[in-house]
Amino acid sequence: MSAPTLTAARPLRIGPLVSSTPVVLAPMAGITNSAYRRLCREQGEGFYVSEMITSRALVERTPETMRLITFEPDESPRSLQLYGVDPLTVAKAVEMIVAEDLADHVDLNFGCPVPKVTRKGGGSALPWKAGLFRDIVRGAVREAAKGGVPLTVKMRKGIDDDHLTYLQAGKAAEEEGVAAVALHGRTASQHYSGTADWDAIARLRDTVTTIPVLGNGDVWSAEDALEMVRRTGVDGVVVGRGCLGRPWLFADLEAGFAGRPERVKPGLREVTRVLRRHAELLCDFYEDELRGCRDIRKHVSWYFKGYAVGGDMRAKLGLVDTLDALDELIADLDLDQPYPGEAAEGARGRAGSPQAKVALPEGWLESQELTGVAAEMIRQAELSVSGG
């Protein structure tokens, strides 16, 4: 594939919010907390979205949820992603966000493919129920508009190849007044396996014409991002697994979209400096050194992808429990290693395997209307919030 032409991209506008670099950090559970968002924001401009939180947990003010929605004082814009399965709960959560000035931008999750979410009719399963999807979006947009907060939607192609929803859902979201829609070019059944369908992203761009459309899936480099925009015509890209252990990808993206050729190619010394700072920020985030060090363990293999760091050393780093211990292990590495090139690039993170059958509520696929067990499930969720 030839390198995309380097020409400056248009800014990304989400309601009143503008980023000169048309890039969004995808919400990732256990990853995109304020510590990691800070690392990424320091590399380049964009929208950096929080971990997904459940609408009900926010309304009920659970301590962990209130910690997860903490933003740094200088974090702007503050982007928060919500998940919910019933219109009342989601609307109440957005109402709370607006009333208490908890975020500048709200994104609704209709893309999560994990079984614990889809078996409740949430995430990438929900748009199949077209009326329910529209009701949730309508109520959330209504409440967000009261505070001038733009609301966006992130989704997948559908449940599987026989139950695609992205064009219908994208058009409905546009009609209900969302500020932008983002599409991950995979179905729920694919999880993260295979190749993202950029042609589907292009079809959504052709269908949704009055608001920005963002593409997600298989953006591992600035060149991938530029190629996605060229091929699909989207207004920006959403980056998830491509930045794992590589927050400097956002510097590459900023340069690429500005039409500049330079790319960050760190040697091991710089990689360990960023890893160490990430660990320190996690300790501050959790207000607990042990918890922060435990959290950094999962990032080790991502940071060291392609570098000559042996299995024994990786195992030791996977057990680190203090910052001092981390420092001692880093000191034993050959920090003069240069950037390893192709070995450090490409896909990263777990792809998982295709699911033969997506976990769904009983009878979910029988109709796109909300009936039977699914309707009762949503009714009970609504009653638990309303106190009925």
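Residues numbered from 1 in each chain as written. Predicted model: local features only at pLDDT ≥ 70, side-chain atom pairs only at ≥ 80, totals over all residues. Heavy atoms only, no water.

## Notes on the packing of aromatic side chains
For any pair of aromatic rings, the description consists of the separation of the ring centres together with the inter-plane angle of the planes.
And step 1. Scanning all chains against the criterion turns up 4 aromatic pairs.
And step 2. When the ring of Phe-285 is compared with that of Tyr-286, the centres are 4.9 Å apart and the planes differ by 65 degrees; the resulting orientation is edge-to-face.
And step 3. Take Phe-285: its relative accessible area is 12%, and that puts it in the buried class.
And step 4. If you follow Lys-129 out to its NZ or CZ, it ends over the ring of Trp-364, 5.0 Å from the centre.
And step 5. Positioned above the aromatic ring of Tyr-192 is the side chain of Arg-156, whose terminal nitrogen or guanidinium carbon lies 4.8 Å from the ring centre. (Phe/Tyr/Trp six-rings, centres within 6.5 Å; stacked < 30°, edge-to-face > 60°. Buried < 20%, exposed > 50% of the residue type's maximum accessible area, 1.4 Å probe, protein only. Lys NZ or Arg CZ within 6 Å of the ring centre and 35° of its normal.)

## Describing the UniProt feature "binding site: FMN" (unreviewed entry) in the protein chain
And step 1. UniProt's feature table lists "binding site: FMN" (unreviewed entry) at Pro-27, Met-28, Ala-29, Gln-81, Lys-154, His-184, Gly-240 and Arg-241, given in the numbering used throughout. Cross-referencing the annotated residues with the largest cavity identifies Pro-27 and Lys-154 as lining it.
And step 2. Locating Gly-240 in the fold gives a position in the loop between strand S10 (236-239) and helix H10 (249-257).
And step 3. Tracing the chain through its elements places Arg-241 in the loop between S10 and H10.
And step 4. Setting aside its immediate chain neighbours within four residues, Arg-241 contacts Met-28, Arg-186, Tyr-192, Asp-218, Trp-220, Arg-348, Gly-349, Arg-350 and Ala-351. (UniProt positions renumbered as here; feature names shortened; annotations may be inferred. 1 Å grid on protein atoms, 1.4 Å probe; cavity = no way out; pocket = protein on both sides within 12 Å on 5 of 7 lines; lining within 4 Å. Helix = DSSP H or I, 4+ residues; strand = E, 2+ residues; numbered from the N terminus. Contact = heavy atoms within 4.5 Å.)

## What about helix H7 (residues 166-175)?
And step 1. Along H7, the residues classified as buried are Tyr-166, Ala-169, Gly-170, Ala-172, Ala-173 and Glu-174.
And step 2. Gly-177 lies just past H7 and shows a positive phi near 100 degrees.

## Here we look at the environment of Thr-195
And step 1. If you trace the backbone, Thr-195 turns up in the loop between strand S8 (180-184) and helix H8 (198-207).
And step 2. Assessed through its relative accessible area of 61%, Thr-195 is described here as exposed.
And step 3. Separated by 160 residues in sequence, Thr-195 and Gln-355 place their C-alpha atoms 15 Å apart.
And step 4. Residues in contact with Thr-195, not counting those within four places in the same chain, are Gly-185, Arg-186, Gln-190 and Asp-218.

## What about the nonpolar core?
And step 1. In this structure, Leu-82, Leu-108, Val-153 and Phe-304 are the most contacted members of the largest nonpolar core, which totals 109 residues.
And step 2. The residues that make up this core include at least three from each of domain 1 (15-261 + 358-383) and domain 2 (268-338).
And step 3. Non-local contacts of Leu-108, meaning those with residues more than four positions away in its chain, are made with Gln-81, Leu-82, Val-90, Ile-136, Val-137, Ala-140, Leu-151, Thr-152, Val-153 and Lys-154.
And step 4. Formed by 12 residues, the second largest nonpolar core is a distinct cluster that contains Leu-17, Val-24, Ala-26 and Leu-214. (Core = buried A, V, L, I, M, F, W, Y, C linked by side-chain atoms within 4.5 Å. Domains from an automatic or database assignment.)

## What about the UniProt feature "domain: DUS-like FMN-binding" (unreviewed entry) in the protein chain?
And step 1. In the numbering used here, UniProt assigns the feature "domain: DUS-like FMN-binding" (unreviewed entry) to residues 25-317.
And step 2. The span residues 25-317 shows a helical share of 44% and a strand share of 13%, and its end C-alpha atoms are spaced 27 Å apart.

## Section: empty space enclosed by the protein
And step 1. The final tally for this structure, using the stated rule, is 3 cavities of 30 Å³ or more.
And step 2. Taken as a whole, the largest cavity spans an internal volume of roughly 100 Å³.
And step 3. What the second largest cavity holds in volume is close to 50 Å³.
And step 4. Among the residues forming the lining of the second largest cavity, the class breakdown is 6 nonpolar, 1 polar and 3 charged.
And step 5. Residue contributions to the lining of the second largest cavity reach at least three from each of two domains, namely domain 1 (15-261 + 358-383) and domain 2 (268-338). (Points joined across faces, edges and corners; volume = space filled by probe spheres on them. Nonpolar A, V, L, I, M, F, W, Y, C, P; charged D, E, K, R; others polar.)

## A short note on the packing of helix H9 (residues 222-232) against H10
And step 1. In contact at an axis separation of 8 Å, H9 and H10 are set at 45 degrees when each is read in the N-to-C sense. Considering their axes alone, H9 and H10 lie oblique with respect to each other. For H9 against H10, the interelement crossing comes out right-handed. Contacts between H9 and H10 involve Ala-222, Ala-225, Leu-226 and Val-229 from the first element and Leu-249, Asp-252, Leu-253, Gly-256 and Phe-257 from the second.
And step 2. Per-class residue counts for the contact of H9 with H10 are 7 nonpolar, 1 polar and 1 charged. (Axes fitted to C-alpha atoms, helices over the stretch in contact; angles between N-to-C directions. Parallel < 35°, antiparallel > 145°, perpendicular 65-115°, else oblique. Left-handed = near helix turned anticlockwise from the far one by under 90°.)

## Points about the pairing of strand S5 (residues 79-83)
And step 1. Of all 5 residues in S5, 5 are buried; the element is thus mostly enclosed.
And step 2. The alternating pattern of S5 places Ser-79, Gln-81 and Tyr-83 and Leu-80 and Leu-82 on opposite faces, both of which are buried.
And step 3. Where strand S4 (residues 47-54) and S5 come together, 4 bridges link them in parallel fashion. Looking at S5, one finds that Met-52 is bridged to Gln-81.
And step 4. Handedness of the crossover joining S5 and strand S6 (residues 105-110) through helix H4 (residues 87-99) is recorded here as right-handed. (Pairing = 2+ DSSP bridges. Right-handed = clockwise from strand over helix to strand, strands pointing away.)

## Thoughts on the packing of H8 against H9
And step 1. Where H8 contacts H9, the axes come no closer than 9 Å and their chain directions differ by 50 degrees. What the angle tells us is that H8 and H9 run oblique. Of the two elements, H8 crosses H9, and the hand of that crossing is right-handed. Along the contact surface, H8 presents Trp-198, Asp-199, Ile-201, Ala-202 and Arg-205, while H9 presents Asp-224, Glu-227, Met-228, Arg-231 and Thr-232.
And step 2. Its residues placed into classes, the contact of H8 with H9 shows 4 nonpolar, 1 polar and 5 charged.

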